[in-house]
Every structure is written in C-alpha cells, then in structure tokens.
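# Summary of the model geometry
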Amino acid sequence: MTRRFPDGFLWGAATSSYQIEGAVDADGRGPSIWDTFSREPGAVLNGENGDVAIDHYHRVGDDVKLMADLGLNAYRFSVAWPRIQPTGSGPAVQAGLDFYQRLTDQLLDAGIAPALTLYHWDLPQPLQDAGGWPNRDTAYRFADYAGIVADALGDRVKLWITLNESWCAAYLGYLSGEHAPGIQDPAQALASVHTLNLAHGLGARAIRSALGDGAQVAISHNIQVNKAATDAPEDVAVKTRLDLVNNEILLAPQLDGAYPEGLFEATERFTDWSFVRDGDLDVIHTRMDALGLNYYSTGTVRAGEDPDRDPFQPTLVDGVARVRPEGEYTEMGWLVEPQGLTDLLLEMHRRWPGLPLYVTENGAAFDDEVAPDGRVHDERRTAYLHSHVEAVGRAMDAGANVRGYFAWSLFDNFEWSYGYGKRFGIVHVDYDTLTRTVKDSGHWYSRLAGSGVLPGVDETTA
Ligand code: GBH
C-alpha cells in the first residue's frame, strides 16, 4: 500500500545550538552551563565539548544549501540564549541576532520553513550562578529573552517552540546530574520543573504579545512512554507513578491548568511546593497552538528493585525495575518501538482532540562510517525512520492531527554527555575535516520529503 501524507505536511530535520554551532567565543557570546559542565572531569565522554562542534556557525550558508538539496521544507533549530544575552539579562547583542536573521533569511529563500526553539539547554552561566532553573527569577529572564527574539525574528518565523524537553533540563540537570549543571537534588529538580513551566507560560505570552495570532506557539516534550510489564496492579501502579512525575507534571498544568492529583503527595518527601504562587497556573496554562513531541523509545517497567540501577542515581520513584524486552536496540541502548509513537500521538489526540501535533524529534544512533564507495550505508537508520514515519501515518489514519515530522538529527553532532561518540545524523560529519556526507538514510528521507509518499527502505539512491 502506498502511504501518502497530506500536502503542506512539514518534512524537516532538527538540530540544537550547542550541539552544532561551535564558535563559543564569537561575536560576544557568553558562556553557557554546557561550556562549564563539559569542562568538569568525567562529565562528558572523552572530555569532549562543543567549542567547535560541527562549526555550523561558520558554515551556515553551506548547511542551508545542503538542506535545500535534500528538499526539506522545514528546519528546526534552537537559538543560543548566550549569543543574544551573554549574561542572561539586559540588552540584546546585535551580532547574535544577525546570525539567526541570516539563517532564517537563507532558509526562507530556499523555501524551508524555520521552526525555532528558544531553549535547548544552553542556559547562560550567570543565570546558573544566580540559582539556575530552581530560581523562579529565571522564568522572567526567559520571558524577556523570548520577547527579544520574537521582535527580531517574528517576521520570518511562524512556528515557535518555547522549551525543548523540560524533563531533561530539570531531571538530567538537577536530579541525575547527567547533564549541565550536574546537580543531584530532588528538591531543586522539582523547583526547576515549576520554573520551567512558568517560563513556558511567560515565554508563550511574550511571543504572543509581540506577534499576535500570526505566530504558532508550541513546546517540545519528551513524554516518557512506558508500558507496565504485566497487568498486575503493582506493575500498573509503577507505570502510573512514573507518568505522574515525568509527564503529567508538565502536560497537566500546561494544557489543563492544574498540577495533577496526587503529585504533591508523591513528592512531599522532597519538597512542600511552596514555590507555586497564586496566578502561576493561569500563566502556565497560556493557550498553545500545537504540541511538539520528541520520541525515541518506549520503556517497560515493573514493581521491584532494579539490579542494574546505579545506587547513586537519584530518583523520584522507588521500587521501579526496568525490563529489557527482546528486540532491536540502538547504540544508545534504546529499544526500537515504533508503535509507541502511534500510541503517544493517539493519546495526545484523545486528551486534547484536534490539537495540532508535530513530531519535533525522532531518530536513532548507530555506528556509521563512510564506506570505500564514498557513501554511508546506514540501512538500520533508514529502517528506523521508515517504521516511525509509518507509525505517524497510522496515528493520522486514526484521527491524530499531525502536521509535521522532524528527523533527529540533520547532522551527526555533540551528543551531550556522550560527546561525539554517538551519531544521530542523516548527514555524516567527519570530525577531523568537518566534511558533511549525506547518508543513505538522508537520501531516503529526501525522497520522502520531495514526494510526501513513504518510499521503500531500499529506495536510497541519490
Ligand atoms: C533528545 O533528548 C534531545 O532533545 C537531543 O538534543 C538529543 O541529541 C537527542 O534526544 C538524542 O539523545 O533509557 O530507554 O528509557 C532525548 C532524551 C531522555 C530520550 C531519556 C530517551 C530514555 C530512554 N532522552 N530517554 S530509555
């Protein structure tokens, strides 16, 4: 059966500033928490950092040309806050805005719709020095920054994403410590969630007041998709508890205007939630025009103790054991489970019928090399993308209002605490020469983007 997607469906690829730009000292950029964190011994594999990354800052013209050659009609990128406000507050640096104005002009000239993420984890270091995301003031700083960027780019950008994966910003940054700023403190993590929720609401209002209804305001979440290992009540209860602290803590206030029932009790041993003030929920519940979903995998959980769990990894929920079902796993150790994406999209559709949905990230890390024939034969990635795009199609068949899909990532890039060791790109990057080579999966995706028809997995010729 031929699977055809609607006209106007966005076929894009995604990146983020710290992962690709490099040029960390250029044109007045200030330090971010990732510049600091990546220098801490043991924080990033092999001590790598984003100082050069893939040098996108200096190669932006060629990179946009490559996207145009691939026939993408959308590109999701993030703005580096420290390029716009080096200390996280105060006047904007014009050179920083110029860079993103040039980028978006070039995209529009090439017929590529920009999808702009305001925050993909590169918090200005001075804001962390003042307390970071646990500090409520950071939300107000974010709103000022959002307003500046909206004023500068609002004539060019229609799709605005306030935050990328606040789950990661809060829980990897302040709970597990795997990400910058590397803190392990449940109380700070939960306070961060609230500040991030508030930042989203204030940021959404700042964008709306600058741009009116012409702007589409969204957020990108990495909803944790978990299945209970069995129907036993204790296994189901574990899944429900995880959903509460991972997903509902973000979705319910943002889309329904209240923190979910049971959340305060579930977390009261860590915090009393006194940081929630009158009026906050109204702000957090600001109208959203679309929801972005980043999907990689589905977990399976049961009640019990996890023998593999690192005892030093803080967690909000005790008594959770992770099950690793048979199946295909990527280089990240994540199970390939496309049905989880269908289920996620349909669940969002069931709860907020008609809400426009975007898959703002989806992809897989595999070990790729340039073959002697000069190509990168990443057939496992092509198969991954194929099965997940098909999963999106199934959700649309069942009524989900999906408007676009963004492959993660356009390029191999700095994969956070894994450094350059994990390759997610549909375009290969040689880290010695920084040469870009479109992988077979990129050629395959180009066919899809050009036709709106899902190609077979073997249709990878240029
Ligand atoms: C995204 O985060 C980021 O937005 C992006 O910057 C990053 O490069 C990309 O993904 C690839 O990592 O252990 O099986 O339970 C992904 C966040 C959170 C997704 C943890 C997988 C656990 C899967 N990830 N999640 S599992």
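See the structure above.
This write-up is about the structure you can find in this document. Just so we're clear, the structure is a prediction, and the values are computed from it rather than from any experiment.

The rules behind the values
- Residues numbered from 1 in each chain as written.
- Predicted model: local features only at pLDDT ≥ 70, side-chain atom pairs only at ≥ 80, totals over all residues.
- Heavy atoms only, no water.
- Axes fitted to C-alpha atoms, helices over the stretch in contact; angles between N-to-C directions.
- Helix = DSSP H or I, 4+ residues; strand = E, 2+ residues; numbered from the N terminus.
- Parallel < 35°, antiparallel > 145°, perpendicular 65-115°, else oblique.
- Left-handed = near helix turned anticlockwise from the far one by under 90°.
- Contact = heavy atoms within 4.5 Å.
- Nonpolar A, V, L, I, M, F, W, Y, C, P; charged D, E, K, R; others polar.
- Expected span 1.5 Å × (residues − 1).
- Bend = angle between axes of the 7 residues up to and from the residue.
- Buried < 20%, exposed > 50% of the residue type's maximum accessible area, 1.4 Å probe, protein only.
- Polar contact = N/O pair within 3.5 Å; in protein donor to acceptor, adjacent residues only side chain to side chain.
- Pairing = 2+ DSSP bridges.
- Near = heavy atom within 4 Å.
- Areas by Shrake-Rupley, 256 points an atom, 1.4 Å probe, with all protein chains shown as cover.
- Salt bridge = Lys/Arg side-chain N within 4 Å of Asp/Glu carboxyl O.

So, on to the packing of helix α7 (residues 137-153) against helix α9 (residues 186-211). It is at 8 Å that the axes of α7 and α9 come closest, and there the two elements cross at 30°. Here α7 is positioned roughly parallel relative to α9, judged by the angle of their axes. Considering how the two elements wind past one another, α7 and α9 form a crossing that is right-handed. Contacts between α7 and α9 involve Thr-138, Ala-139, Tyr-140, Phe-142, Ala-143, Ala-146, Gly-147, Ala-150 and Asp-151 on the former and, on the latter, Thr-195, Leu-198, Ala-199, Leu-202, Gly-203, Ala-206, Ile-207, Ala-210 and Leu-211. In terms of residue class, the contact of α7 with α9 is made up of 13 nonpolar, four polar and one charged.

Attention shifts here to helix α3 (residues 56-70). End to end, α3 covers just 17 Å across 15 residues, shorter than the expected 21 Å (1.5 Å per residue, more than 12% under). The axis of α3 is deflected most strongly, by about 45°, at Asp-62. His-56, Tyr-57, Val-60, Asp-63, Val-64, Leu-66, Met-67 and Leu-70 are the residues of α3 that are buried. In the stretch just after α3, Gly-71 is the one whose phi turns positive, near 80°.

Turning next to the side chain of Ser-417. In this structure, Ser-417 sits in the loop between β11 (402-408) and β12 (427-429). Under the relative-accessibility criterion, Ser-417 is labelled buried at 12%. Among the polar contacts made by the side chain of Ser-417, one reaches the side chain of Glu-178 at a distance of 3.2 Å. Look past the residues within four positions of Ser-417 in its chain and what remains in contact with it is Trp-34, Ala-43, Val-44, Leu-45, Glu-178 and His-179.

Moving on, we come to the sheet that holds strand β8 (residues 299-303). Across the sheet, three strands lie side by side as β6-β8-β9; this open sheet has mixed pairing. Only two strands of the sheet have a single partner each, and these edge strands are β6 (226-228) and β9 (320-323). Within the sheet, the average angular offset between the axes of one strand and its neighbour, ignoring direction, is 40°. The pairing of β8 with β9 spans four bridges and is antiparallel. Across the sheet, Thr-300 pairs through a bridge with Val-323, a residue of β9. Relative to β8, helix α10 (residues 233-256) is tilted by about 125°, and along the sheet it contacts β6, β8 and β9.

Within the structure, the ligand sits among 15 residues, and Gln-19, His-120, Glu-165, Glu-415 and Trp-416 are positioned closest to it. Separating an oxygen atom of the ligand from a side-chain N or O atom of Gln-19 is a distance of 2.8 Å. For the ligand, the accessible surface in isolation is 590 Å², of which the surrounding protein chains cover 81%. Residues that form the shell around the ligand fall into these classes: eight nonpolar, four polar and three charged.

What follows deals with the pattern of salt bridges. Within this structure, the stated rule accounts for 29 salt bridges. Among the ionic pairs, Arg-156 bridges to Asp-105, the shortest N-O distance being 2.7 Å. In this pair, Arg-156 sits in the loop between α7 and β4 (159-164) while Asp-105 sits in helix α5 (residues 94-109), placing the two residues 51 residues apart along the sequence. On the basis of relative accessibility, which here comes to 16%, the residue Arg-156 falls in the buried class. Exposure remark for Asp-105: the relative accessible area of 33% places this residue in the partly exposed category. Between Asp-289 and Arg-208 there is a salt bridge, and its shortest N-O distance comes to 2.9 Å. Separated by 81 residues along the polypeptide, Asp-289 in the loop between α12 (280-284) and β7 (291-295) and Arg-208 in helix α9 bring together distant segments of the chain. By the burial criterion, Asp-289 is buried, and Arg-208 matches it. Residues participating in the shared-partner salt-bridge network are Asp-368, Asp-378, Arg-381, Asp-412, Arg-423 and Lys-439.

Attention shifts here to unusual backbone geometry. Omega for the bond connecting Ala-180 with Pro-181 falls within 30 degrees of zero, at 5°, which places this linkage in the cis form. Its location among the elements puts Pro-181 in the loop between α8 (166-174) and α9. Ser-409 follows Trp-408 through a cis peptide bond whose omega is 5°. When you line up the elements, Ser-409 lands in the loop between β11 and β12. With a phi angle near 50°, Ala-23 is a residue other than glycine that sits in the positive phi range. Structurally, the position occupied by Ala-23 is in the loop between α1 (17-20) and α2 (33-37). The class of Ala-23 is buried, set by a relative accessible area of 11%.

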